[in-house]
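Okay, here's what each chain looks like letter by letter:
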Amino acid sequence: MDKLSDRVKRLGYSQTFVMSNKAREMKASGIDVISLTLGEPDFDVPDNIKQAAFDAINQNYSHYSPVPGFLELREAIAYKLKRDNNLEYKPTQICVSNGAKQAILNVLASIINDGDEVLLPAPYWVSYDEMVKMMGGNSVMLPTSYLTDFKVTAEQLEEAITEKTKAVLFSSPCNPSGGYYTYDELKSIAKVIAKYPQVTIISDEIYEYINYETKTTSIAQFPEVYEQTAVINGMSKAFAMTGWRIGYSACPEWLAKACEKVQGQMTSGANTMAQRASITALKTDPSEYRYMIDAFKERRDLVYELIKEIPGFKVLLPKAAFYFFPDISHYIGKTLNGTEIKNSDDFAMFLLENAHVGCVGGFSFGSPECIRFSYAASEEDLREAMKRIKNLLEQFN
């Protein structure tokens, strides 16, 4: 008798962590590997946030918090949403979770029945499809490409909606493409979704602050879909707090209560010291943390000039987040150094084994013709990584 459930057997491993672990193993064996796999800021947590955590320990915030988070933190999130996004949310509409991943899972668990469909504009973050599977739903991929700036249109979304459609799940700014939807694009999408009240929009805005061009628009700003939208965000990216595991959802009250019910049976409240520190982070003027965004922009500009010189790569200048997502279809179907390149996952492994540079293939992002590089790394490593890849691939062009 097989002891594993069908549900867990349907799930795949995160390709991001597969490639990251492979790079770590090679490095541990003495190979000089540069890993550009993980989406993790390489900065330390700002001192005022760390001090708030120390203060929380000394003030004995060591007991269970309410399941949806401390009231003061939910008030701080509501303040931030009003200040930065012009969104009105009450604390009762907010659920603080153990990272933004849990916030998304809470929403999916609250609305998805077996067989329901969730629309995923591709490319999408690697966990979205697996999360939908975990909840018994079916993902419907909406393909995009380098030529469309990796974005779907409102018309494309409407064509995909059926009576089984229960949600649309996307990130803007986008992991992995580094693009984002403009105000006008989101307005068009909102007009479409408003016609289908059974559809919930799950808007992952975790990269909101890492935008080099303009202020990010949240689709929840459009009144016609406010009651259909779950805004997902968290502390990991803009505040370099990846290990602190604080995310949150802001939803219509009926959905917020359902998220609280789900979380209450899974983990209860998030880490209390991290919650208290997050209050400080959210109440601080975002300009105090701008130095990290400025550094990412400098690295983006550096890598863009270098990656354009790599033969066979078609690449867009990312406008947000900290990823490049080049189209490498030039190499698909070829055999390089005895390695058959059937898709971008094969190509990513080829780069790791031959150039000793770690990246992530686009297959699990829904774009099997692309690969993802994180540029949340030192300038020295970024220069060397692009040099190694260019030197390797020039042999085959």
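The structure displayed is predicted, hence computed values, not measured ones. (Residues numbered from 1 in each chain as written. Predicted model: local features only at pLDDT ≥ 70, side-chain atom pairs only at ≥ 80, totals over all residues. Heavy atoms only, no water.)

Caption draft 1: Up close: the packing of helix 12 (residues 344-354) against helix 13 (residues 379-393). Closest axis-to-axis distance for the helix 12/helix 13 pair is 10 Å, and the angle between their directions is 105°. Looking at the two axes, helix 12 sits roughly perpendicular to helix 13. Residues F347, F350, L351 and N354 of helix 12 touch helix 13, and the partners they reach there are I389, L392 and L393. Taken together, the residues that form the contact of helix 12 with helix 13 break down as six nonpolar, one polar and no charged. (Axes fitted to C-alpha atoms, helices over the stretch in contact; angles between N-to-C directions. Helix = DSSP H or I, 4+ residues; strand = E, 2+ residues; numbered from the N terminus. Parallel < 35°, antiparallel > 145°, perpendicular 65-115°, else oblique. Contact = heavy atoms within 4.5 Å. Nonpolar A, V, L, I, M, F, W, Y, C, P; charged D, E, K, R; others polar.)

Caption draft 2: Structural view of the layout of surface pockets. The space that makes up the largest pocket amounts to roughly 510 Å³. Taken together, 25 residues form the lining of the largest pocket, with G39, K101, W125, K237 and R245 sitting closest to its centre. Contributing elements (two or more residues each) for the lining of the largest pocket: helix 2 (15-28), helix 5 (100-111) and helix 6 (126-134). Considering only enclosed or pocket space, the second largest pocket measures out at about 410 Å³ in volume. (1 Å grid on protein atoms, 1.4 Å probe; cavity = no way out; pocket = protein on both sides within 12 Å on 5 of 7 lines; lining within 4 Å. Points joined across faces, edges and corners; volume = space filled by probe spheres on them.)

Caption draft 3: Looking closely at the pairing of strand 3 (residues 117-121). Counted residue by residue, strand 3 has five buried out of five residues, so it is predominantly covered. Side chains E117, L119 and P121 project from strand 3 onto one buried face, and the interleaved V118 and L120 project onto a second face that is buried too. Two elements, strand 3 and strand 4 (residues 138-142), share five bridges in a ladder whose sense is parallel. Residue V118 lies in a different strand from strand 4, and its bridge partner there is S139. For the crossover that starts at strand 3, traverses helix 6 and ends in the parallel strand 4, the hand is right-handed. Note that strand 3 and strand 5 (residues 165-171) share three bridges and pair parallel. Note that in strand 5 the partner of V118 across the bridge is A167. (Buried < 20%, exposed > 50% of the residue type's maximum accessible area, 1.4 Å probe, protein only. Pairing = 2+ DSSP bridges. Right-handed = clockwise from strand over helix to strand, strands pointing away.)

Caption draft 4: Examining the packing of aromatic side chains more closely. Scanning all chains against the criterion turns up 21 aromatic pairs. Between Y207 and F322, the ring centres sit 5.5 Å apart and the planes meet at 80°, which makes this aromatic pair edge-to-face. Here the residue Y207 occupies a position in the loop between strand 6 (200-204) and strand 7 (229-234), and F322 occupies one in the loop between helix 11 (290-307) and strand 9 (323-324), the gap between them amounting to 115 residues. Each member of the pair, Y207 as well as F322, is classed as buried. Considering the side-chain rings of F324 and Y375, the 5.4 Å spacing of their centres and the 55° angle between planes classify their relative orientation as tilted. Here F324 is found in strand 9, whereas its partner Y375 is found in the loop between strand 14 (371-374) and helix 13, with 51 residues between them in sequence. Y375 matches F324 in its accessibility class, with the two residues each being buried. Three or more aromatic residues link up through ring pairs in this structure, and these residues are F43, Y207, Y291, F296, F322 and Y323. Sitting above the plane of the Y181 ring, K151 keeps its charged end 5.9 Å from the centroid. For R276, the ring lying beneath its charged end belongs to Y61, and the centroid distance is 4.2 Å. (Phe/Tyr/Trp six-rings, centres within 6.5 Å; stacked < 30°, edge-to-face > 60°. Lys NZ or Arg CZ within 6 Å of the ring centre and 35° of its normal.)

Caption draft 5: A look at the pattern of salt bridges. Enumeration over the complete set of coordinates arrives at 24 salt bridges. A salt bridge links E130 to K133; its shortest N-O distance comes to 3.4 Å. Residue E130 and its partner K133 are both found in helix 6; the two are separated by three residues, about one turn of the helix. Look at E130 and you get buried, because its relative accessible area is 19%. On the basis of relative accessibility, which here comes to 24%, the residue K133 falls in the partly exposed class. Here E158 and K195 are joined by a salt bridge, their closest N and O atoms 2.8 Å apart. Of the two residues, E158 sits in helix 7 (residues 154-160) while K195 sits in the loop between helix 8 (183-193) and strand 6, which places them 37 residues apart along the sequence. A relative accessible area of 26% places E158 in the partly exposed class. Among the ionic contacts, a cluster of salt bridges with common partners joins D149, K151, E185 and K319. (Salt bridge = Lys/Arg side-chain N within 4 Å of Asp/Glu carboxyl O.)

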